[in-house]
Amino acid sequence: MTTSRPGFFDPSFPAWESYDPSREITVAKVAFVDGPDGLFDYKVPERLLERLRPGMRVLAPLGIKNRSVTAYCVELTQQESEVVAELEKPTSLSAEEEPKESGEGLLFPELASPAPEQRKKTKKKTKTFRLKELLDVVDKKPILSAKGLELGVWLSKRYLAPLGQTLDGIVPAGVRDSIGTRMTTVYELAPDIDKKLNRVDEVKNKRAYDLLTHKQRYVIDEMRKLTEPPTLSELGRVAKCSSAPITALKNLGFLRVKRVRRVSDFYTELLETEKTAAPTEPHILNEEQQKALDAILGALRNEESSAFLLHGATGSGKTEVYIRAIEEVVSYGKQAIVLVPEISLTPQTVQRFRARLGSVAVLHSRLTDLERKAEWEKIATGKAKVVVGARSAIFAPVPRLGIVVIDEEHETSFKQDVTPRYHARVVARWRTQRENAPLVLGSATPSLESWRNVQLKNYKLLTLAHRVRNLPQPPVYVVDMRARAASGFSTGALCRRLCRDIETALDADPTNQIVLLLNRRGFSTHIQCPSCGETIQCPNCDVALTHHITQQIAICHYCDFQIPAPKSCPYCGFVGIKYGGFGTQKLEQELCVQFPNAPILRMDSDTTQAKDAHEKCLSAFRRGEYRILLGTQMIAKGLDFPNVVLVGIINADVALHLPDYRAAERTFGLILQASGRAGRGDKEGKVVVQSYYPDHPAIVAAVKGDYIGFANSELAARRALGFPPFVSAIRFVARGPDEQDVAEFARTLGDALREAVREINDKHGYDPGALAASAPEPEEPGAARDSSDRNVVSFRPAKRVRPPLVARILGPAPAPFAKLRGNFRFHLQILGAPGALLRDAAELVCNAKLKAPRHVQWIVDVDPLESL
Ligand code: ADP
Ligand code: ZN
């Protein structure tokens, strides 16, 4: 086994150096947060030996100038000498350059081993270097546990993300910085307290304990109950006394003080106030719920890491099943992680878990760093039994993981859109498999990935086919908007049918409420000159500006570029410039005119900027202060309003226009999720969908509420076209201010990918030449069909023998948003199977150190959900 690459090259070591046991040193393998990727070796100097542990951050000298750079210490090893001999050094790397190559770690050899091809090109040079010394240790205690480090190493490899950046992404900012903590004096009982208390005073002939005042005894009794040493004021509060008895006890030697670093008192108080949820009684489960629960409990009791897909409409009682399973986990002294989409992480959701499960830690993006740190501590120490949070809560450092639940598992927000671009479901599967814990995925409209996993028997399907209390699923009606457009009758956003239904609902009962969904914010979404035909575009982005009426501006939703709303065409001066397309502001205005007596609440990212605004709006609607709630997708999901009798989806089709093979899945999901909002209480609900494509299979299936029918036909289409989930996908996006440069580099990426696929197949013993004459086999999804297309890596597999990695490359081509924030964008996707080899190919490209032109940046997205 070779050692990992030293963090520097010091050619000036004495050649006579030979092994001397007294020279044995400790070597830290570190990963830079913001520096070259890979693991690097540094000598741990004597003065840091005591303090440094894996999982802490260090400062390491990097490069010829030895600038001090933050890195994570991933591993500590012993080594005979600080001189590293026989280092395999790529010839391209001169001693003057910063090392860019990944080294090989002892613990994680797979992490950083150079690809075989690269190794071939490496000339062996027997050269020797002295390891540089670490400069300092940043953290007082490890901020990543051994499990956390292992997770980070896996994650970095799985998503082709630099290790240091990945580790940094696992630990929330508040935890990384010792923010909110300060040195505090705390009190603890003297270690020999009982001996001291029983000692008999010879003069008074009494036990020391009996000589204490009533108050002092009470302080000691209370101290024994505490799990953590209190501060003076905290102790005063629990023992209901002033500082006098405490100080007296200290002076008598019964109490000792010590200095510790603690989260500030403010946060201790905040955490106390949270525990106020009134306990609620569990329901008696219905037959389906019981069956689902039994299956999960079976896995729990056998410590099986089974994965379950709990398929049930909104209101079918999924959450009740989660809670029961978690109760069992908690009774074993283990912890549970519950992931919900950020948007449904409301106090109601949290209260529901708290009321039944007690100590619940919450992690979401609206927490301050301080709050997050406090929650993190609660979790790491095992004090919180249940963690409820958004995506990143999957990294919660629970000591003993008993179960992971992902509610609304189809939600795309479970995939992170910055490095590391992980999907929480994939991370959850990895964690639960390692810790022998079950994974429960719940949804009314499962992702096709999960449905495919059910078909492959990787997941067990549990179905809740009926709504609790047998509430009927609300009927869905489609209004064909084409007829209306042809008639030219109305110019409003609402069709007559929907207007009538709103009116009927409002009149029928003064408590009735209505939800209208329109996925565009602003007033007009389109400003165009009827004279010259020009539309008002953002100069930085390839998108139209949206008119916002309140500020009378035209604004870009991507870069915030804005101009005063033009009254005449800026191109030809024509005065009758047309504002078209519907945004939420315009719909609000239309509703105000049509239904002047109904209070209307608009919710979109413009109205919910302020902290807690989102929550305040929803509470007000729940209290019945508004009759109509209109908004973007932020109102579509997971909200439970018993008085909503009508849900209208204004522009159900929008997603269908997008050049994305997931468009049908998203549209279907949106309609079904939104329809889950109607009729949740005792009232009957209904859903009206306005569509220009009423015959589209996604719309037809949504109207029938037929998930299984939709999933099966959509999967058949994906299989035929060779799209995920039948193959894996990896997307590359390059961007930069010069279009030619970006296009050129995207082509370079494509070439490198093609080469990498060949290399991987070659490495796995595939010889395309030997098979050229044989007839092609029936094709696997994802196998290329058309070898004449030069963008396709094509293999014509012979009978019985096929390339180990079958892959095709789409693109490079301009991305659908060809320009954003002044950068031109090109993308390409490689699709293929098996996923592990596909990632190996992409990793070769990432490690190839391709020289991008100046200002061109690129990213790699494994299992992308985004295609724009
Ligand atoms: P989901 O998570 O599938 O949307 P919930 O678990 O939130 O469904 O259940 C919907 C509603 O029905 C909740 O108000 C819940 O308290 C109630 N509920 C769930 N299970 C039962 C049951 N077995 N009996 C009566 N009410 C139930
Ligand atoms: Zn813009």
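This is a predicted model, so every value here is computed, not measured.

### Some points on the coordination of the zinc ion (ligand 2)
Next, step 1: Only Cys538 (SG), Cys541 (SG), Cys556 (SG) and Cys559 (SG) from the protein coordinate the zinc ion (ligand 2), and they sit 2.2 to 2.3 Å from it.
Next, step 2: Coordination at the zinc ion (ligand 2) is tetrahedral: its four donor atoms span angles of 102 to 113° at the metal.

### A few points about the site of ligand 1
Next, step 1: Near ligand 1, the surroundings consist of 16 residues, among which His283, Ile284, Gly315, Thr319 and Arg352 are the closest.
Next, step 2: The contact in question runs from an oxygen atom of ligand 1 to an N or O atom on the backbone of Ser316, over 3.3 Å.
Next, step 3: In the environment of ligand 1, an oxygen atom lies 2.7 Å from a nitrogen or oxygen atom belonging to the side chain of Arg352.
Next, step 4: A total of 560 Å² of accessible area belongs to ligand 1 in isolation, and the protein chains cover 81% of it.
Next, step 5: The dominant element in the shell around ligand 1, judged by the number of residues it contributes, is helix α14 (residues 318-331), at three residues.
Next, step 6: In the shell around ligand 1, the residues fall into four nonpolar, eight polar and four charged.

### Some points on the sheet that holds strand β21 (residues 513-517)
Next, step 1: Spatial strand order, β20-β30-β29-β21-β28-β27: six strands in an open sheet with parallel pairing. Two strands close off the open sheet at either side, each with one partner strand: β20 (476-480) and β27 (600-603). Direction aside, neighbouring strands of the sheet carry axes that sit 15° apart on average.
Next, step 2: Across the sheet, helix α20 (residues 496-508) lies against β20, β21, β28 (628-631), β29 (644-649) and β30 (686-691), angled at about 160° from β30, the strand it touches most.

### Considerations on helix α17 (residues 424-434)
Next, step 1: Extensive coverage of α17 is indicated by the burial of eight of its 11 residues.
Next, step 2: Among all positions in α17, only Ala424, Arg425, Val427, Ala428, Arg429, Trp430, Arg431 and Thr432 are buried.

### Quick look at the sheet that holds strand β34 (residues 857-862)
Next, step 1: The strand order across the open sheet built from four strands is β32-β33-β31-β34, with neighbouring strands paired in antiparallel fashion. The open sheet has two edge strands, β32 (806-820) and β34, and neither has a second partner. Across the sheet, the mean angle from the axis of one strand to that of its neighbour is 20°, orientation sign disregarded.
Next, step 2: Bridge count for strand β31 (residues 728-736) against strand β33 (residues 823-833) is nine bridges, and the pairing is antiparallel. Each residue of the ladder has a partner; that of Gly736, found in β33, is Phe824.
Next, step 3: Along the sheet, helix α26 (residues 739-763) contacts β31, β32, β33 and β34; its crossing angle with β33, the most-contacted strand, is approximately 15°.

### Concerning the pattern of salt bridges
As a working rule, side chains carrying opposite charge can pair if their charged atoms are close by.
Next, step 1: Under the defined criterion, the tally for this structure stands at 38 salt bridges.
Next, step 2: A salt bridge links Arg256 to Glu188, with the nearest nitrogen and oxygen atoms 2.9 Å apart. Of the two residues, Arg256 is situated in strand β12 (residues 255-263) and Glu188 in strand β9 (residues 181-189); the sequence distance between them amounts to 68 residues.
Next, step 3: Classification of Glu188 as buried rests on a relative accessible area of 19%.
Next, step 4: For Glu222, the salt bridge identified is with Lys225, shortest N-O distance 2.8 Å. Placement of the pair is Glu222 and Lys225 together in helix α9 (residues 214-225), with a separation of three residues, close to one helical turn.
Next, step 5: Here the salt bridges do not stand alone but share partners, grouping Glu320, Glu327, Arg352 and Arg356 into one network.

### Concerning unusual backbone geometry
Next, step 1: The omega torsion of the bond from Pro724 to Pro725 falls at 5°, within 30 degrees of zero and hence cis.
Next, step 2: Note that Pro725 resides in the loop between α25 (707-721) and β31.
Next, step 3: A cis amide bond, omega -5°, links Ala833 with the succeeding residue Pro834.
Next, step 4: Note on placement: Pro834 falls in the loop between β33 and α27 (835-847).
Next, step 5: We note that Glu408 has phi near 55°; this positive angle belongs to a residue other than glycine.
Next, step 6: Examined against the element boundaries, Glu408 turns out to sit in the loop between β17 (401-407) and α17.
Next, step 7: The exposure class of Glu408 is buried, given its relative accessible area of 9%.
Next, step 8: In the Ramachandran plot, His855 falls in the positive-phi region, its phi being about 70° despite a non-glycine side chain.

### Side note on the packing of α9 against helix α11 (residues 243-251)
Next, step 1: Put simply, α9 and α11 touch, their axes get as near as 9 Å, and they point 75° apart. In terms of axis orientation, α9 runs roughly perpendicular to α11. Contact residues: Lys215, Gln216, Val219 and Ile220 in α9; Pro245, Ile246, Ala248 and Leu249 in α11.
Next, step 2: In the contact of α9 with α11, the residues fall into six nonpolar, one polar and one charged.

### Some words on the nonpolar core
Next, step 1: Formed by 113 residues in total, the largest nonpolar core has its most connected members in Ile394, Phe395, Ile649, Phe732 and Ile830.
Next, step 2: The greatest single-element share of this core, amounting to 10 residues, is contributed by α26.
Next, step 3: Excluding anything up to four places from it in sequence, Ile394 contacts Ile337, Leu339, Val404, Tyr422, Ala424, Val427, Ala428 and Arg431.
Next, step 4: Judged by nonpolar contacts, the second largest core, of 32 residues, contains Ala299, Ile326, Phe353 and Val362.

### Things to note about the packing of aromatic side chains
Next, step 1: Overall, the coordinates contain 12 aromatic pairs when judged by the stated rule.
Next, step 2: On the basis of an interplanar angle of 50° and a centroid distance of 6.2 Å, the ring pair of Phe668 and Tyr707 is categorised as tilted. Taken together, the residues span a long stretch of sequence, with Phe668 in helix α23 (residues 663-675) and Tyr707 in helix α25 at a distance of 39 residues.
Next, step 3: By relative accessible area, which is 1% here, Phe668 ends up buried.

### A closer look at the confidence of the model for the protein chain
Next, step 1: The pLDDT averaged across the protein chain works out to 82; a share of 84% of its residues lies at or above 70.
Next, step 2: This model gives residues 8-17 a pLDDT under 50, and the stretch forms 21 contacts once residues within four places in sequence are excluded.
Next, step 3: Of the regions scoring below 50 in pLDDT, residues 773-795 engages in 55 contacts with residues more than four places distant in sequence or in other chains.

### Digging into the side chain of Gln216
Next, step 1: Examined against the element boundaries, Gln216 turns out to sit in helix α9.
Next, step 2: If we ignore the near neighbours within four places in the chain, the residues touching Gln216 are Pro245, Ala248 and Leu249.

### Regarding the packing of α23 against α25
Next, step 1: The N-to-C vectors of α23 and α25 enclose an angle of 170°; their axes lie 11 Å apart at closest approach. Judged by the inter-axis angle, α23 sits roughly antiparallel to α25. Residues Ala664, Glu665 and Phe668 of α23 lie in contact with α25, whose contacting residues are Tyr707, Phe710, Glu714 and Arg718.
Next, step 2: The class makeup of the residues in the contact of α23 with α25 is four nonpolar, no polar and three charged.

### Here we look at the pairing of β30
Next, step 1: Of all six residues that make up β30, five are buried, and the element is covered over most of its length.
Next, step 2: Looking at chain direction, β20 and β30 are connected through five bridges and run parallel. Each bridged residue has a counterpart across the sheet, and for Val479 the counterpart in β30 is Gln690.
Next, step 3: Inspection of the sheet shows β29 paired to β30 by four bridges, in the parallel sense. Bridge pairing in β30 places Gly648 opposite Val688.

Rules used in this analysis
- Residues numbered from 1 in each chain as written.
- Chains lettered and ligands numbered in written order.
- Predicted model: local features only at pLDDT ≥ 70, side-chain atom pairs only at ≥ 80, totals over all residues.
- Heavy atoms only, no water.
- Donors = N, O, S within 2.8 Å, 3.2 Å for Na, K, Ca; no water.
- Tetrahedral: all angles 85-135°; square planar, octahedral: opposite > 155°, others 65-115°.
- Near = heavy atom within 4 Å.
- Polar contact = N/O pair within 3.5 Å; in protein donor to acceptor, adjacent residues only side chain to side chain.
- Areas by Shrake-Rupley, 256 points an atom, 1.4 Å probe, with all protein chains shown as cover.
- Helix = DSSP H or I, 4+ residues; strand = E, 2+ residues; numbered from the N terminus.
- Nonpolar A, V, L, I, M, F, W, Y, C, P; charged D, E, K, R; others polar.
- Pairing = 2+ DSSP bridges.
- Axes fitted to C-alpha atoms, helices over the stretch in contact; angles between N-to-C directions.
- Contact = heavy atoms within 4.5 Å.
- Buried < 20%, exposed > 50% of the residue type's maximum accessible area, 1.4 Å probe, protein only.
- Salt bridge = Lys/Arg side-chain N within 4 Å of Asp/Glu carboxyl O.
- Parallel < 35°, antiparallel > 145°, perpendicular 65-115°, else oblique.
- Core = buried A, V, L, I, M, F, W, Y, C linked by side-chain atoms within 4.5 Å.
- Phe/Tyr/Trp six-rings, centres within 6.5 Å; stacked < 30°, edge-to-face > 60°.
- pLDDT = per-residue confidence, 0-100.

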